[in-house]
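For reference, the chains in residue letters:
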Amino acid sequence: MSKGPGLFADIGKKAKDLLTRDYISDQKFTVSTYSEAGVAITSTAVKKGGLSTGDVGVLYKYKNSVIDVKADTGSNISATLTVTDIIPSTKTIASFKFPDYNSGKLEVQYFHDHAALTTSVALNQSPAVDLSVTMGTPSIAFGAEAGYDTTSGSFTKYTAGISVAKPDSCASILLGDKGDTIRASYVHHLDSLKKSAVVGEISRRFSTNDNTFTVGGSYAVDHLTTVKAKLNNHGNLGALLQHEIVPKSLLTISGEFDTKALDKTPKFGLALALKP
């Protein structure tokens, strides 16, 4: 693949991951195993409130192809086939879900030194079509995406964005929801390994005049432990602790509460992911 600007979905992704990734409010237990033949099996159990669910996933890599199949306790089966370089500099992804036969989707990604293109089509009688394009370099990129419903003959979404990246920081602006929202974010890394960082994000919805400002960050206490925290102007405070108990196996403890309504019950989450 090329070293171009990346996909449109990557614009603002670093800030979003810092503010949302690993913040959980349920209990999750994951065990993964790997074989020498290239097969990975992952079992997951989740308890949210009084409801418990689980799934088993099998991932197999062969040359330039990856097959991922997952079955859950709700009798749902999903399958994803990813093939790289059918045509040079492309990635093709086909996904299906059963018994929902109308959920199939085919996506093709094309990477160039100065551009990236993604096209996805729903595999049903009334397909929805999504298209995104990004142009630029790894340092500065402009992009846009649109969704079109062939049944109604109307656009379901259109979004535009720009990102600027430096070795120790990145900034992005996204205009989305058909021009109704704007979101700007900035991430600054505090160390050369990029394990500690601060992030700020501001978003505005024009139709409701609603503004949200969020600050957060992550800090590597040592090579095994990371802490994260975030706070927005509505008083929602979140924090988590993640520790590598053994190599590749992580324990995550997360909590979130409303500082403007301390009588409300805080949300707590616990996740344990074991890998060999």
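Here's a quick rundown of the structure. Throughout this description, residue numbers start from 1 for each chain and increase along the sequence as written. Local features in a predicted model are, by the rule used here, given only for residues with pLDDT of at least 70; side-chain atom pairs are given and counted only at 80 or more, and totals for whole chains, interfaces and linings are based on all residues. To get the side-chain values, all heavy atoms of the structure are used, and hydrogens and water are removed first.

The subject of this paragraph is the packing of aromatic side chains. Stacked, edge-to-face and tilted labels apply to pairs of Phe, Tyr and Trp rings (six-membered ring for Trp) whose centres lie within 6.5 Å, assigned for plane angles under 30 degrees, over 60, and everything in between, in that order. Scanning the model with the defined rule gives 3 aromatic pairs in all. Both rings, one in Phe-98 and one in Tyr-101, keep their centres 5.6 Å apart while their planes meet at 70 degrees; by these two values the pair is edge-to-face. Both rings, one in Tyr-148 and one in Phe-155, keep their centres 5.4 Å apart while their planes meet at 65 degrees; by these two values the pair is edge-to-face. For a lysine, the NZ atom is tested; for an arginine, the CZ atom; a charge sits over a ring if that atom is within 6 Å of the ring centre and within 35 degrees of the ring normal. Taking the ring centre of Tyr-23 as reference, the NZ or CZ of Lys-230 above it sits at 4.2 Å.

Take a side-chain nitrogen of Lys or Arg and a carboxyl oxygen of Asp or Glu: if they are within 4 Å of each other, that pair is a salt bridge. All chains considered together, the criterion is met by 5 salt bridges. Across the pair Asp-180 and Arg-205 runs a salt bridge, and its minimum N-O distance is 3.0 Å. Of this pair, Asp-180 sits in the loop between strand E12 (169-176) and strand E13 (181-189) while Arg-205 sits in strand E14 (residues 197-205), placing them 25 residues apart in sequence. Per-residue accessibility, obtained with a 1.4 Å probe over protein chains only, is compared with the maximum for each type, and a residue is labelled buried under 20%, exposed over 50%, and partly exposed between these values. For Asp-180, a relative accessible area of 17% puts it in the buried group. Between Arg-183 and Glu-201 there is a salt bridge whose closest N-O contact spans 3.9 Å. Only DSSP runs of H or I covering at least 4 residues are called helices, and only runs of E covering at least 2 are called strands; the numbering of each starts at the N terminus.

The step from Phe-98 to Pro-99 runs through a cis peptide bond, and the omega angle for that step is 10 degrees. For Asp-85, which is not glycine, the phi torsion reads 65 degrees and is therefore positive. Counting through the fold element by element, Asp-85 comes out in the loop between strand E5 (77-84) and strand E6 (90-98). You can call Asp-85 partly exposed: its relative accessible area is 40%. With phi around 60 degrees, Lys-194 is a residue other than glycine that occupies positive phi space. Within the secondary structure, Lys-194 sits in the loop between E13 and E14.

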